[in-house]
Amino acid sequence: MKSLNANQRKRWLGLLLVIIVCMLGLSSPIQHFAAFPNEVRLFSGQLKQLDYGMPVHAQVTVDPQMLQVNGSTDRSLSINLNKPLSIQSSHSGKTTMKLKLFGKIPFKTVKVNVVPDLRVIPGGQTIGVKVKSAGIMVVGHHQVVDGKGTKVSPGEQANLQLGDLIVRINGKYVNEVHKVAQLAEEAGGSKQPLHLTVKRGTRLFETKLAPVFDSEDQAWRLGLYIRDSAAGVGTLTFYAPDQGVYGALGHVITDMDTQTPIEVGEGQILQSNVTSINKSQNGEPGEKRAHFIKESKVLGNIERNTPFGIFGKMKELPSHSYNQQSVPVAFAEEVKEGPAQLLTVVNGQKVERFNVEIVHVTRQQSPATKGMVIKITDKRLLEQTGGIVQGMSGSPIIQDGKLIGAVTHVFVNDPTSGYGCFIEWMLQDAGVLLKPASLNLKAA
């Protein structure tokens, strides 16, 4: 009986401990402490506020040559953790901020990484995009009727798949479709197969393809549908004048048939003029109708096509910008739910500012495309476009005077809403912002 009572007491004690732990976990101070990062990033000269929300006093120790706490240049300072803590960096580098409760009990050591100040000019201009692939893209198979009346596909027999990139034929680099037809004629006439070097994903392999004489077309055929370029419209996100580079689109350019990312051989961005808007409706995203203008004047080249857009060199900011003044940028962890603004073009070349709401923010430690959910709240934009439309991807998002991200996708069933990516990931792909060594970049 005594043993039973002892077991009951243990159960009740265990239950009481669980309740206490749960209450502590739900309490505001504990939540603030648990949510506070072990590392803080800020730009040189930036003022940042940290909120512990804990009703205790502490002693904070920093390197005053790098950081000032609450405006003080002292190395050690007594602070009230129930009030916001402001830190300001004086120059770039790495340091730590140590906090001790009551000046004695070690409480928290925060790593502080200060990077050089960075400002960019927000875009919003609609741009024309011309991309030449780094080879010949395989976008389909077709059957060739040979001399015996049999339907065959030489491309399938050579183990070529949709999305493959033919980078060399007979040892020579090729990225123009018209040259392939000529090589097919020469190989067919000499009864020799073509030796292909093919890229599939990140893997290269060799194969042989023997052209077949099509009895209907009276020509040598490969049994492939191929493409060497793509074109479309999108939106410029930013221009970094100090580095002479730009970022646009906010998402990867894929082939329209195979949906595989296009590996860029060369490309250009051009000025574009919006002629009309096909409004979005539930279940049917709309689009910007635009045409290229001044094709002789190339705004910039295209060097990279990544999950976060296209990037390259640009000598000067395109005309018709909303504001030619540069603005600071925000790290991913600085983005918050609440009101923001969108820069985009809905008519001609005029960049306009529209109100949006950041309704959800995903806390990302490494690059990923769906960083935030945005909702169009501006009645004027909703009347003109119905929400987010194709061609709006890349439109810069501004919050509290900082460039925080870009529009990437629209929700098909609710075109007033869509996804955005953090500007930090775009700046990394542009080579403007260095990738922290601690980040696991494989997630991108």
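Please refer to the structure higher up on the page.
Because the structure is a prediction, the values reported are computed rather than measured. (Residues numbered from 1 in each chain as written. Predicted model: local features only at pLDDT ≥ 70, side-chain atom pairs only at ≥ 80, totals over all residues. Heavy atoms only, no water.)

## Observations concerning the overall build of the chain
Piece 1. For the chain, the count of helices and strands is 6 helices and 32 strands.
Piece 2. The buried share of the chain, reckoned over its 444 residues, is 48%.
Piece 3. At a minimum sequence separation of 6, the contacts of the chain that also span at least 24 residues come to 67%.
Piece 4. Carbon together with sulfur atoms contributes 52% to the accessible area of the chain, which is approximately 22400 Å² in total. (Helix = DSSP H or I, 4+ residues; strand = E, 2+ residues; numbered from the N terminus. Buried < 20%, exposed > 50% of the residue type's maximum accessible area, 1.4 Å probe, protein only. Contact = heavy atoms within 4.5 Å. Areas by Shrake-Rupley, 256 points an atom, 1.4 Å probe, with all protein chains shown as cover.)

## Here's the deal with the nonpolar core
Piece 1. Ile397 and Leu427 are the most contacted members of the largest nonpolar core, which has 50 residues in total.
Piece 2. In this view, Ile397 contacts Ala340, Gln341, Leu342, Ile358, Met372, Ile374, Lys402, Leu403, Ile404, Gly405, Ala406 and Val407; residues no more than four positions away in its chain are not counted. (Core = buried A, V, L, I, M, F, W, Y, C linked by side-chain atoms within 4.5 Å.)

## Some points on the pairing of strand S32 (residues 414-422)
Two faces make up the sheet, and in a regular strand the side chains alternate between them.
Piece 1. Taking burial as the measure, the 9 residues of S32 include 7 buried ones, the bulk of the element.
Piece 2. Relative to S32, strand S29 (residues 372-376) is paired through 4 bridges, and the arrangement is antiparallel. Residue pairing for S32: Met372 is matched across the bridge by Gly420.
Piece 3. Relative to S32, strand S31 (residues 402-411) runs antiparallel, the two being bridged by 6 bridges. Bridging across to S32, His409 finds its partner in Tyr419.
Piece 4. The turn joining S31 and S32, which pair antiparallel and follow one another in sequence, is formed by 2 residues. (Pairing = 2+ DSSP bridges.)

## Observations concerning the sheet that holds strand S3 (residues 57-61)
Piece 1. Spatially, the 5 strands line up as an open sheet ordered S1-S8-S7-S3-S5, and their pairing is mixed. With one partner strand each, in any of the chains shown, strand S1 (39-43) and strand S5 (76-80) form the two edges of the open sheet. Sheet twist, expressed as the average angle between the axes of neighbouring strands with direction ignored, equals 30°.
Piece 2. Pairing between strand S7 (residues 93-101) and strand S8 (residues 105-115): 9 bridges, direction antiparallel. Its bridge partner lying in S8, Met97 is registered against Val110. (Axes fitted to C-alpha atoms, helices over the stretch in contact; angles between N-to-C directions.)

## Things to note about the side chain of Gln46
Piece 1. Note that Gln46 resides in the loop between S1 and strand S2 (47-50).
Piece 2. Residue class for Gln46 comes out buried when judged on its relative accessible area of 11%.
Piece 3. A polar contact is formed between the side chain of Gln46 and the backbone nitrogen of Phe43, at a distance of 2.8 Å.
Piece 4. Engagement of the side chain of Gln46 in a polar contact is seen with the side chain of Glu334, the distance being 3.1 Å.
Piece 5. Beyond its immediate stretch of four places on either side in the chain, Gln46 contacts Ile87, Gln88, Ser89, Glu334 and Lys402. (Polar contact = N/O pair within 3.5 Å; in protein donor to acceptor, adjacent residues only side chain to side chain.)

## Digging into helix H4 (residues 177-190)
Piece 1. For H4, with 14 residues, the first-to-last C-alpha span of 21 Å sits near the 20 Å given by 1.5 Å per residue.
Piece 2. Residues of H4 that are buried sit in contact with strand S10 (126-141), strand S13 (165-169), strand S15 (194-200), strand S18 (219-221) and strand S19 (224-240).
Piece 3. Backbone geometry just downstream of H4 places Lys191 in the positive-phi region, at approximately 60°. (Expected span 1.5 Å × (residues − 1).)

## Here we look at the pairing of S15
Piece 1. The buried count for S15 comes to 5 of 7 residues, which makes it a mostly enclosed element.
Piece 2. Strand direction decides the pairing type here: S13 and S15, joined by 4 bridges, are antiparallel. Note on S15: the bridge partner recorded for Ile166 is Val198.
Piece 3. Pairing of S15 with strand S16 (residues 203-209), which is carried by 7 bridges, proceeds in the antiparallel orientation.

## Considering the side chain of Thr416
Piece 1. Within the secondary structure layout, Thr416 lies in strand S32.
Piece 2. For Thr416, a relative accessible area of 19% corresponds to the buried category.
Piece 3. In this view, Thr416 contacts Ile374, Lys375, Ile376, Leu382, Gly386 and Gly387; residues no more than four positions away in its chain are not counted.

## Digging into the sheet that holds S2
Piece 1. If you walk across this open sheet you meet the 3 strands as S2-S6-S4, and the pairing is antiparallel. Across the chains shown, the open sheet's two edge strands, defined by having one partner strand only, are S2 and strand S4 (67-69). Strand after strand, the sheet turns through a mean of 25° between neighbouring axes, direction not considered.
Piece 2. Pairing of S4 with strand S6 (residues 85-89) involves 3 bridges; the strand directions are antiparallel.

## With respect to the environment of Pro339
Piece 1. Residue position: Pro339 is located in strand S27 (residues 338-345).
Piece 2. Expressed as a C-alpha distance, the spacing of Pro339 and Val359, which sit 20 residues apart in the sequence, is 8.7 Å.
Piece 3. Once residues lying within four places of it in the same chain are set aside, the contact partners of Pro339 are Val356, Glu357 and Gln399.

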